Amino acid sequence: MKSIFALHHVSLIVANTERALEFYRDILGLSVNPHRPDLGYPGAWLDINAQQQLHLLELPNPEQGLSRPAHGGRDRHFALYCHDVAALAQQLSQADIPFSRSRSGRAALFCRDPDENAVEIMQYVPD
């Protein structure tokens, strides 16, 4: 039996929680989880689904100023499913958020949040 069976959350360091929420909540559509306790620094928990979350940590970034590859697929990133990657690409374009298509041939794109964290967004295809 495997000990690990699911991913609970991914944490990202952000410079400004409200600015990050404009991307993750307002553009990607994640909802803010109201149960985040006071951890002594600003941030937010966002629900991806009933079991998975994205945690935004407004803390000093120890990697500030690092050079990042232009294509997010060649950088550390996390991947999310969406129901309509083409519609999301339109929404990103309208918000002037640059993105690149997956080089694997999958219906997927890569973009960066306001803090240069790379995010892959893949078309969900049911089995």
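Right above here is the structure, for reference.
This structure is a prediction, so every number in the text was calculated from the model and none was measured.

Caption draft 1: Focus on unusual backbone geometry. The phi dihedral of D96 falls on the positive side, at around 60°, and the residue is not glycine. Its location among the elements puts D96 in the loop between α2 (85-94) and β6 (99-101).

Caption draft 2: Quick peek at the nonpolar core. Core analysis: the largest hydrophobic core is formed by 25 residues, its most contacted members being F23, Y24 and L56. Contributions of two or more residues to this core are made by β1 (9-14), α1 (17-27), β3 (43-47), β4 (53-58), β5 (77-82), α2, β7 (108-112) and β8 (118-123). If you tally residues by element for this core, the top one is α1, at five residues. Look past the residues within four positions of F23 in its chain and what remains in contact with it is L28, L92, I97, C111, R112, D113, P114 and V119.

Caption draft 3: Region of the structure containing the pattern of salt bridges. A complete count under the given rule lists eight salt bridges for this structure. Residue R68 pairs with D75 through a salt bridge whose shortest N-O separation is 3.4 Å. With relative accessibility at 28%, the residue R68 sits in the partly exposed group. By relative accessible area, which is 13% here, D75 ends up buried. Overlapping salt bridges bring together E63, R68, D75, R76, R112 and E116 as one network.

Caption draft 4: How the structure looks around the packing of aromatic side chains. Applying the stated criterion to the full structure yields two aromatic pairs. Between F23 and Y24, the aromatic rings sit 4.8 Å apart at their centres with planes inclined by 85°, giving edge-to-face as the arrangement. Of the two residues, F23 and Y24, neither departs from the other in class, the shared state being buried. Seen in terms of ring centroids, Y81 and Y124 are 5.3 Å apart; in terms of plane orientation they differ by 80°. Their pairing is edge-to-face. Taken together, the residues Y81 in strand β5 and Y124 in the segment after β8 connect sequence positions 43 residues apart. A cation sits over an aromatic face here: R36 above Y41, 5.3 Å from the ring centre.

Rules used throughout
- Residues numbered from 1 in each chain as written.
- Predicted model: local features only at pLDDT ≥ 70, side-chain atom pairs only at ≥ 80, totals over all residues.
- Heavy atoms only, no water.
- Helix = DSSP H or I, 4+ residues; strand = E, 2+ residues; numbered from the N terminus.
- Core = buried A, V, L, I, M, F, W, Y, C linked by side-chain atoms within 4.5 Å.
- Buried < 20%, exposed > 50% of the residue type's maximum accessible area, 1.4 Å probe, protein only.
- Contact = heavy atoms within 4.5 Å.
- Salt bridge = Lys/Arg side-chain N within 4 Å of Asp/Glu carboxyl O.
- Phe/Tyr/Trp six-rings, centres within 6.5 Å; stacked < 30°, edge-to-face > 60°.
- Lys NZ or Arg CZ within 6 Å of the ring centre and 35° of its normal.

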